[in-house]
Amino acid sequence: MNANNHYDVIIIGTGAGGGTLAYKLAPSGKRILIIERGGYLPREKDNWSTRAVFIEGKYKKEVWYDRKGKEFHPGQHYYVGGNTKMYGAILFRLRREDFGEIRHFGGISPAWPISYDDLEPYYTEAEQLYQVHGERGSDPTEAEASGPFPYPAVSHEPRIQKLNDDLHSIGVKAFPLPVGIMLNEALRHQSPCIRCDTCDGFPCLVHAKSDSEVVAVRPALQHNNVTLLTQAKVTKLETDSTGRQVNRVVVERDGAPESYSGDVVVVSCGAVNSAVLLLQSANDRYPQGLANSSGVVGRHYMAHLNTAFLALSRIPNPTIFQKTLGINDFYFGSHDWDYPLGHIQMLGKSNAELLKAEAPAFAPGITLDFMAKHALDFWLTTEDLPDPENRVTVDREGKITLEYRNTNGEAHQRLVNKLKQVLHGIHCDSKTCYCDKHLFPRSIFLNQMIPLAGVAHQCGTVRFGHNPHSSALDVNCKAHDLDNLYVVDGSFFVSSSAVNPALTIMANALRVGDHLLERLK
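Residues numbered from 1 in each chain as written. Predicted model: local features only at pLDDT ≥ 70, side-chain atom pairs only at ≥ 80, totals over all residues. Heavy atoms only, no water.

Undergrad: Any chance you could break down the pattern of salt bridges for me, citing the residues and the numbers?
TA: Scanning the entire structure with this criterion turns up 28 salt bridges. Here arginine 299 and glutamate 389 are joined by a salt bridge, their closest N and O atoms 3.5 Å apart. One end of the pair, arginine 299, is in the loop between helix 6 (271-280) and strand 15 (305-312); the other, glutamate 389, is in the loop between strand 18 (375-382) and strand 19 (391-394), and 90 residues separate them in sequence. Glutamate 389 sits in the partly exposed class, given a relative accessible area of 46%. For glutamate 518, the salt bridge identified is with lysine 521, shortest N-O distance 2.8 Å. Here the salt bridges do not stand alone but share partners, grouping Lys85, Asp211, Glu213 and Arg218 into one network. (Salt bridge = Lys/Arg side-chain N within 4 Å of Asp/Glu carboxyl O. Helix = DSSP H or I, 4+ residues; strand = E, 2+ residues; numbered from the N terminus. Buried < 20%, exposed > 50% of the residue type's maximum accessible area, 1.4 Å probe, protein only.)

Next up, the structure:
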């Protein structure tokens, strides 16, 4: 192998984990190669087109298969920045309690091998890096933090402010969501973010969303010791004769094979593809897949139970940037239910074009237009419990199968019902909303609950832990079986909590980064 193809660190993937790690390691002066399967997401008008992004699926083209062998197109994006290019940029810390064992109606959410205190300084660092706007202390479930949010909370527009006030009037402690955007509300004419209605689920045409490409990868590439290889799919990791070292990273680029080596190799392809890569790297020493002597690689897939919920209000909702309000009053339960229910937040504002794509063919256009103008859109999340039979597999031809069944459905349905009760509690049924039969859920994935294709919150397939018989990674996210292989995306999660996973992936990448900086000295 050419000596120029050897690096101190190889990072596979540029999303929340890989991109953040590259940023952390870049100032070290070590020779770093970042490998990205895709290229740069093109800047074009279609970035802000509902039809292109949601209806035609322009930026996602891959095919996976469900447990019955039926194909589907996952919400997986291969660009510099990974899935953060399309995310809603809601950047929550896990609750302190999420790191311990929690009993749910549907089963047990296991304890993590690290605590909230272990990750807290890295949460603070990640919030700074990803320019999070929020209001410390407003969320009734948040743990203590070592510092305030770096930027003030994003303000509610008038209709959402009214909703916030109405909720507080009945004792619901609604709070400003922690949002990663480059917004300057005091000097709007100087603000990179223009507070548009195409943020949640769209790529940002003006590069003002705190995605991994803009916030982490670009600054990393300012260092001469960092190289980015795009349009390069890693197909296999090979080990040396001892089986303790990855000594060859095999890449397919422009239809031809290439290979690279690194003193440290970091996998950060997303929970599904990281598991796939390790499984595809099986060899005589590791017949079940690389780093898989425990047999857990690919298992315990989690992605949350999510529902998109639309409520029709008699009061028009002209809100543009709607994703500013959250509710955690039912995160750990309610007065009539002793088990956790989950989290509620606003969604990006729906529009008539999106509703038309999902409505029955006979639905009159004027009705859909009215619905869009009067809709309040919510996103409900319940913890998805780890089940070893919810798993990722791949065959010899590279066909990826995602076998999955919901694990905590009763709690999720109760959360949906709880939101309805809250809306009735602010007289949504008699003063500001249509009656209950017109208070209905909708999903951008053609279903009330987000189906299998909704993989934005994927995690858990290469879990970390102290015991090498029940986990693939140690507490530093190094493979138990190998001395130079790490995994830093959402794969390492042992439970999913009920909040968005991105900030925890970012914070953990910074934590692992500190470990690697010590190792590389």
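Undergrad: Just give me the short version of the sheet that holds strand 3 (residues 64-66), but keep the residues and values in it.
TA: Read from one edge of the open sheet, four strands run 4-3-20-19, paired in mixed fashion. Every other strand in the sheet has two partners, leaving strand 4 (71-72) and strand 19 as the edge strands with one partner each. Along the sheet, helix 6 contacts strand 3, strand 19 and strand 20 (400-403); its crossing angle with strand 19, the most-contacted strand, is approximately 45°. (Pairing = 2+ DSSP bridges. Contact = heavy atoms within 4.5 Å. Axes fitted to C-alpha atoms, helices over the stretch in contact; angles between N-to-C directions.)

Undergrad: Requested: an account of the packing of aromatic side chains, with residues and values cited.
TA: Inspection of the entire model under this criterion finds 18 aromatic pairs. Relative to tyrosine 79, the ring of tyrosine 59 has its centre 6.2 Å away and its plane inclined at 70°; by these criteria the two rings are edge-to-face. Of this pair, tyrosine 59 sits in the loop between helix 2 (50-55) and strand 3 while tyrosine 79 sits in the loop between strand 4 and strand 5 (102-104); the two residues are 20 residues apart in sequence, bridging distant segments of the chain. For the residue pair tyrosine 59 and tyrosine 79, the accessibility class agrees, reading buried in each case. Aromatic pair tyrosine 301 and tyrosine 404: ring centres 6.0 Å apart, planes at 90°, arrangement edge-to-face. (Phe/Tyr/Trp six-rings, centres within 6.5 Å; stacked < 30°, edge-to-face > 60°.)

Undergrad: I'd love a proper account of unusual backbone geometry, names of residues and values included.
TA: The phi dihedral of aspartate 254 falls on the positive side, at around 55°, and the residue is not glycine. With respect to the helices, strands and loops of the structure, aspartate 254 is situated in the loop between strand 13 (246-253) and strand 14 (256-267). A residue is classified by how much of its surface remains accessible, and aspartate 254, at 73% relative accessible area, is exposed. Backbone geometry at histidine 304 places phi at a positive 75°, although glycine is not the residue there. With respect to the element layout, histidine 304 can be found in the loop between helix 6 and strand 15.

Undergrad: Give a description of empty space enclosed by the protein that names residues and reports values.
TA: Over the atoms rolls a probe the size of a water molecule, and its path tells where empty space is left. Counted according to the given criterion, the structure contains five cavities of 30 Å³ or more. Here the largest cavity defines a volume of roughly 130 Å³. For the lining of the largest cavity, the residue count by class is nine nonpolar, two polar and seven charged. In this structure, the second largest cavity spans a volume of roughly 90 Å³. Together, 15 residues line the second largest cavity, and Cys193, Cys196, Cys199, Cys204 and Ala208 are the ones closest to its centre. (1 Å grid on protein atoms, 1.4 Å probe; cavity = no way out; pocket = protein on both sides within 12 Å on 5 of 7 lines; lining within 4 Å. Points joined across faces, edges and corners; volume = space filled by probe spheres on them. Nonpolar A, V, L, I, M, F, W, Y, C, P; charged D, E, K, R; others polar.)

Undergrad: Before we move on, could you go through the sheet that holds strand 10 (residues 179-180) and cite the residues and values that matter?
TA: A sheet is described by the order of its strands in space; here three strands give the open sequence 8-7-10, paired in mixed fashion. Among the strands making up the open sheet, the edge pair consists of strand 8 (151-152) and strand 10. For strand 7 (residues 132-134) and strand 8, the ladder comprises two bridges, and the chain directions are parallel. Within the sheet, the bridge partner assigned to glycine 134 lies in strand 8 and is proline 152.

Undergrad: Any chance you could break down the environment of lysine 373 for me, citing the residues and the numbers?
TA: One can find lysine 373 in helix 8 (residues 365-374). For the pair lysine 373 and asparagine 351, spaced 22 residues apart in sequence, the C-alpha to C-alpha distance is 7.5 Å. For lysine 373, the contacting residues outside a window of four places in its chain are Pro316 and Asn317.

Undergrad: Pulling in residues and values, what's your account of the side chain of glutamine 345?
TA: Looking at where glutamine 345 falls in the secondary structure, it is placed in strand 17 (residues 343-346). Here glutamine 345 falls in the buried class, since its relative accessible area comes to 1%. A distance of 2.8 Å separates polar atoms of two side chains, one belonging to glutamine 345 and the other to histidine 343. Within the structure, glutamine 345 has its side chain in polar contact with the side chain of asparagine 500 (distance 3.2 Å). Excluding its chain neighbours within four sequence positions, the residues that come into contact with glutamine 345 are Ile90, Phe92, Leu177, Lys323, Leu325, Gly326, Asp377, Phe378, Trp379 and Asn500. (Polar contact = N/O pair within 3.5 Å; in protein donor to acceptor, adjacent residues only side chain to side chain.)

Undergrad: Now, about helix 5 (residues 212-220): what can you tell me, with residues and values included?
TA: Counting buried positions over the nine residues of helix 5 gives seven, a clear majority of the element. Residues of helix 5 that are buried: Ser212, Glu213, Val214, Val215, Ala216, Val217 and Ala220. In this structure, the buried residues of helix 5 make contact with helix 1 (18-25), helix 3 (116-129) and strand 11 (226-229).

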